[in-house]
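The residues making up each chain are set out below.
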Amino acid sequence: MLSQPIMAKLQQIVGKANVLTSPRALEVYAYDSSPFIHPPEAVVFAENKEQVTAVVKLAAEHSLPLVPRGAGTCLSGSAVPWHGGISLVLTKMNRILDIDPLAGTALVEPGVVNLDLQNALEPYGLMFPPDPASQKSATIGGNIAQCAGGIRGVKFGVMKNHVLGLEVVLPDGETVTTGMLAPAGQFAPDFTGIFHGSEGTFGIVTKVLLKLSPLPEKTMTASAAFASLDEAGQAVSTIIAQGIVPTTLEMLDNTLIKAVDDFLHLGLPRDAEALLLVEVDGYAVELERQMDTIRRIFAENNARDFKMAKDEEERQKLWLARRSGNGALGRIKPAYMVQDVTVPVHKLPEMLRFVAKVAEKYNIVIAQMAHAGDGNLHPHLLYSPDDPEEYHRVEEASREIFMKTLALEGTLTGEHGIGLEKLPYMQHAFSPADLEFMAIVKKALDPTLYFNKGKILDL
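Residues numbered from 1 in each chain as written. Predicted model: local features only at pLDDT ≥ 70, side-chain atom pairs only at ≥ 80, totals over all residues. Heavy atoms only, no water.

Once that is clear, we can look at the overall build of the protein. Summing up its helical and strand segments, the protein has 15 helices and 18 strands in all. Taking 23 Å as the expected radius of gyration for a compact globule of 459 residues, we find that the protein reaches 22 Å, a close match to that expectation. The principal-axis extents of the C-alpha atoms in the protein amount to approximately 70 × 55 × 45 Å. Across the 459 residues of the protein, 55% fall into the buried class. Taking the intrachain contacts of the protein between residues at least 6 apart in sequence as the baseline, contacts between residues at least 24 apart amount to 71%. Per element, the accessible surface of the protein, about 19,500 Å² overall, is 53% carbon and sulfur. In the protein, 41 positive and 55 negative side-chain charges are present, and the distance between their average locations comes to 1 Å. (Helix = DSSP H or I, 4+ residues; strand = E, 2+ residues; numbered from the N terminus. Rg over C-alpha atoms; globule rule 2.2 N^0.38 Å. Buried < 20%, exposed > 50% of the residue type's maximum accessible area, 1.4 Å probe, protein only. Contact = heavy atoms within 4.5 Å. Areas by Shrake-Rupley, 256 points an atom, 1.4 Å probe, with all protein chains shown as cover. Lys, Arg positive; Asp, Glu negative; His and termini not counted. Charge placed at Lys NZ, Arg CZ, Asp CG, Glu CD.)

Now the structure itself:
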């Protein structure tokens, strides 16, 4: 519990209504979307940069842990206040400050919800490519903190490919601007990149200049069923190897197919081991040829039930199956731990097979969903929170998945971040020199180590 003088100062900075300390409020903000739980000592909502700066300076003055927070959709524990202190919530900084159709840019605050931005851009014939599955609630600031990607990542990349500049409040309360938001006419190194995936350990983003893309002239969407995960994975590898870059290339395994079909009754192929959902977009003249090639590759890998969406209604029906996967798994178990390991695309079949064997070894249910086109797997390890023995088996299975990923020259995270979940594996993923360099950067920006303490690095 924070002292009364500190509480009074926080209320003076942001207003009494923007400071929460009731047990119920602290419990709500003890969570993100991961299994990790720890309450803050106060929840503070900031409405502008000046309030953020004042709260940061107050926290620095009293050496209080401070955790920036958006919508709390993080899956690795980054938004959990593991050392208590202040949970600084930025969802009220949700203004779209400018859209420049000619420059193809948007200037926004960190609390803007990803989907709200997409809807605002559509009348201009523009879009913002990163679209995580949580886009209905995830904020742009959180997307930067995790370097999120989403289903279009195979073609457009992740957040770091679409941010032109930042305004950031550093842990000492000073404000810096980077990239195209830096003062005009001053040549300086562009430090925008170091804030991507930094999980709020380096500073708090208060303004973002985003790079936009035009909406495609035409989109074609199709799905196909496969008798084995291996054949589906091989089809993905072949598509990428032949130089085709789909907008999306998603995979659902049999567990997910059945869970979604039980939930939505879409008539999905319940006997298939895998379902691939592929979408290409661009100029109409190019798409027929691309889709013909994809259909041929599917056939060579023994696909069946190839379906092409005939109109937007059918396209949305196919995407409904993909976007409903996470929720549908609640019909099987009340909780899951979801990984986002990433492997080279040509090693995807081997990784899919390995995860299936891990599920058998530990006698747990693992539903496999993947942004297959860029090798980003999302194994969902299902468990019951009131069964500690089962949860232990899920942890052990996770360990094997992480270590196998590194053995295949993959990465611990593609878009969910390190957070608390993957912290024990950093020493396996990086050399001592790499970790020391990361620690030097962290200490240079946050010498007191109170900004999102205990995330990414064990300092």
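Having seen the model, we can carry on.
Right, let's get into the packing of helix α1 (residues 4-14) against helix α3 (residues 49-61). Look at α1 against α3: their axes get within 9 Å of each other, and the N-to-C directions meet at 165°. Looking at the two axes, α1 sits roughly antiparallel to α3. The interaxial crossing formed by α1 with α3 has right-handed handedness. Across from I6, K9, L10, I13 and V14 in α1, the residues of α3 making contact are Q51, A54, V55 and L58. Partitioning the contact of α1 with α3 into residue classes produces seven nonpolar, one polar and one charged. (Axes fitted to C-alpha atoms, helices over the stretch in contact; angles between N-to-C directions. Parallel < 35°, antiparallel > 145°, perpendicular 65-115°, else oblique. Left-handed = near helix turned anticlockwise from the far one by under 90°. Nonpolar A, V, L, I, M, F, W, Y, C, P; charged D, E, K, R; others polar.)

Let's shift gears to the packing of helix α12 (residues 348-361) against helix α13 (residues 388-407). Helix packing for two helices is described by the angle between their axes and how far apart those axes are. Where α12 contacts α13, the axes come no closer than 10 Å and their chain directions differ by 160°. Here α12 is positioned roughly antiparallel relative to α13, judged by the angle of their axes. The two elements α12 and α13 cross, and the hand of that crossing is right-handed. Contact with α12, carried on its side by E350, M351, F354, V355, V358 and K361, involves A397, E400, I401, K404 and T405 of α13 and no other residues of that element.

Here the focus is the nonpolar core. F226, M251, L276, I294, F298, M351 and I366 are the most contacted members of the largest nonpolar core, which has 54 residues in total. If you tally residues by element for this core, the top one is α12, at six residues. Excluding residues within four positions of it along the chain, M351 makes contact with V341, V343, L377, I401, K404, T405 and L408. Residues L2, A42, M93 and Y450 belong to the second largest nonpolar core, which totals 25 residues. (Core = buried A, V, L, I, M, F, W, Y, C linked by side-chain atoms within 4.5 Å.)

Tallied over the entire structure, the rule returns eight aromatic pairs. Summarising the aromatic geometry, the rings of F36 and W82 are spaced 6.1 Å apart at their centres and angled 90° between planes, so their arrangement reads as edge-to-face. Here W82 lies in the loop between β3 (66-69) and β4 (86-89) and F36 lies in the loop between α2 (23-28) and β2 (42-45), a separation of 46 residues in the sequence. Judged by its relative accessible area of 35%, W82 falls in the partly exposed class. Between F195 and F202, the ring centres sit 6.3 Å apart and the planes meet at 80°, which makes this aromatic pair edge-to-face. Across the pair, F202 and F195 agree in class, each one buried. Here the aromatic residues F226, F298 and F306 are joined through ring pairs into a cluster of three or more. The ring of F45 has K92 sitting right over it, with the charged end atom 5.0 Å from the ring centre. (Phe/Tyr/Trp six-rings, centres within 6.5 Å; stacked < 30°, edge-to-face > 60°. Lys NZ or Arg CZ within 6 Å of the ring centre and 35° of its normal.)

Before going further, it helps to spend a moment on the pattern of salt bridges. Counted by the stated rule, this structure contains 23 salt bridges. We note a salt bridge from D131 to R152, for which the minimum N-O separation is 3.8 Å. Note that D131 is positioned in the loop between β7 (126-127) and α5 (140-146) and R152 in the loop between α5 and α6 (153-156), a separation of 21 residues in sequence. Exposure remark for D131: the relative accessible area of 2% places this residue in the buried category. Across the pair R399 and E396 runs a salt bridge whose closest N-O atoms are separated by 3.4 Å. Highlighted residues: R399 and E396, both in helix α13, separated by three residues, approximately one helical turn. (Salt bridge = Lys/Arg side-chain N within 4 Å of Asp/Glu carboxyl O.)

As a further point, take the layout of surface pockets. Size it by volume and the largest pocket reaches roughly 1,000 Å³. Breaking the lining of the largest pocket down by element, the ones donating at least two residues are α4 (114-121), β7, β12 (218-226), β14 (274-282) and α10 (312-323). (1 Å grid on protein atoms, 1.4 Å probe; cavity = no way out; pocket = protein on both sides within 12 Å on 5 of 7 lines; lining within 4 Å. Points joined across faces, edges and corners; volume = space filled by probe spheres on them.)

This part takes up the sheet that holds β12. One key point about sheets: their strands pair by backbone hydrogen bonds, in either a parallel or an antiparallel sense. If you trace the seven strands from one edge of the open sheet to the other, you get β15-β12-β14-β13-β17-β18-β16, paired in antiparallel fashion. The outermost strands of the open sheet, each flanked by one partner alone, are β15 (304-308) and β16 (335-338). Strand-to-strand twist across the sheet, computed as the mean angle between neighbouring axes with direction ignored, equals 15°. Bridge analysis of strand β17 (residues 366-371) against strand β18 (residues 376-383) gives six bridges, and the strand direction is antiparallel. Within the sheet, the bridge partner assigned to Q368 lies in β18 and is P379. Along the sheet, helix α8 (residues 254-264) makes contact with β13 (248-253), β14 and β17, crossing β13 at roughly 85°. (Pairing = 2+ DSSP bridges.)

Consecutive side chains of a regular strand alternate in pointing toward one face of the sheet and then the other. Here β2 shows a buried face lined by A42 and V44 and a second buried face lined by V43 and F45. Two elements, strand β1 (residues 19-20) and β2, share two bridges in a ladder whose sense is antiparallel. Each residue of the ladder has a partner; that of V19, found in β2, is V44. The sheet contact formed by β2 and β4 spans four bridges and is parallel. From the neighbouring strand, A42 faces β4, where its bridge partner is I86.

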